[in-house]
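Examination of the molecular architecture
Here is how the chains run, residue by residue.
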Amino acid sequence: MTSTLVRNQLVDMIDLLHESEQALLLEIVKRFMPDDIATKEDLEDIAIAKAEYARGEFLREDDINWK
């Protein structure tokens, strides 16, 4: 079975599930995801942080009151 066929079947089946079951399925699928893979949101946040740093928008560790 090709990955495209599997993906299409999964999408079709997910569309048939009730919304609450889709949420449960999402949590199950998340458990199969490796922890060291950046998500799309992670990459977007990293890009934002790099841009802020380039503009000088950051705090130095010494500027933080840790107490």
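This report concerns the structure included in the present document. (Residues numbered from 1 in each chain as written. Predicted model: local features only at pLDDT ≥ 70, side-chain atom pairs only at ≥ 80, totals over all residues. Heavy atoms only, no water.)

Observations regarding the overall build of the protein chain
Rules: Helix and strand assignments follow DSSP, with helices taken as H or I runs no shorter than four residues and strands as E runs no shorter than two, numbered in order from the N terminus. Our radius of gyration is a C-alpha quantity, and the globule rule it is checked against amounts to 2.2 Å times the number of residues to the power 0.38.
Tallying secondary structure elements over the protein chain gives three helices and zero strands in all. In sequence order, the protein chain lays out its α and β elements as α-α-α. The C-alpha atoms of the protein chain give a radius of gyration of 20 Å, which is well past the 11 Å a tight globule of 67 residues would have. Overall size of the protein chain, expressed as C-alpha extent along the three principal axes, is 55 × 30 × 20 Å.

A few points about the pattern of salt bridges
Side-chain pairs of opposite charge can arise whenever the charged atoms involved come near each other. Put simply, the rule is: By definition, a salt bridge exists where a carboxyl oxygen of Asp or Glu is found within 4 Å of a side-chain nitrogen of Lys or Arg. Think of it in three bands: with a 1.4 Å probe and only protein chains considered, a residue is buried below 20% of the maximum accessible area for its type, exposed above 50%, and partly exposed in between.
All told, the structure shown has two salt bridges when counted by the stated rule. Across the salt bridge formed by glutamate 27 and lysine 30, the nearest N and O atoms sit 3.4 Å from each other. With glutamate 27 and lysine 30 both in helix H2 (residues 19–30), this residue pair falls three residues apart, about one helical turn. Its salt-bridge partner being arginine 55, residue glutamate 57 comes within 2.9 Å of it at the nearest N-O pair. Since its relative accessible area comes to 44%, glutamate 57 is described here as partly exposed.

Brief notes about a nonpolar patch on the surface
Filter applied, for reference: For patch building, the residue pool is restricted to those with more than 30% relative accessible area and no salt bridge; the joining distance is 9 Å between like charges and 5 Å between nonpolar side chains (Val, Leu, Ile, Met, Phe, Trp, Tyr). Every accessible area reported is derived by Shrake-Rupley at a probe size of 1.4 Å, with residue values counting cover from the shown protein chains alone.
A surface patch of nonpolar side chains, amounting to about 520 Å² of accessible area, comprises Met1, Leu5, Val6, Leu10, Ile14 and Leu17. Along the polypeptide, methionine 1 turns up in the segment before helix H1 (3–16). A relative accessible area of 73% places methionine 1 in the exposed class.

Comments concerning a negative patch on the surface
For clarity, the cut-off: Neither His nor the chain ends is counted toward charge; the positive residues are Lys and Arg and the negative residues Asp and Glu. By convention, the charge on Lys lies at NZ, on Arg at CZ, on Asp at CG and on Glu at CD.
Judged by side-chain charge, Glu41, Asp42, Glu44 and Asp45 come together as a negatively charged surface patch. Among the secondary structure elements, glutamate 44 is positioned in helix H3 (residues 40–54).

Such coordinate-based values are descriptive only and should not be taken to indicate function.
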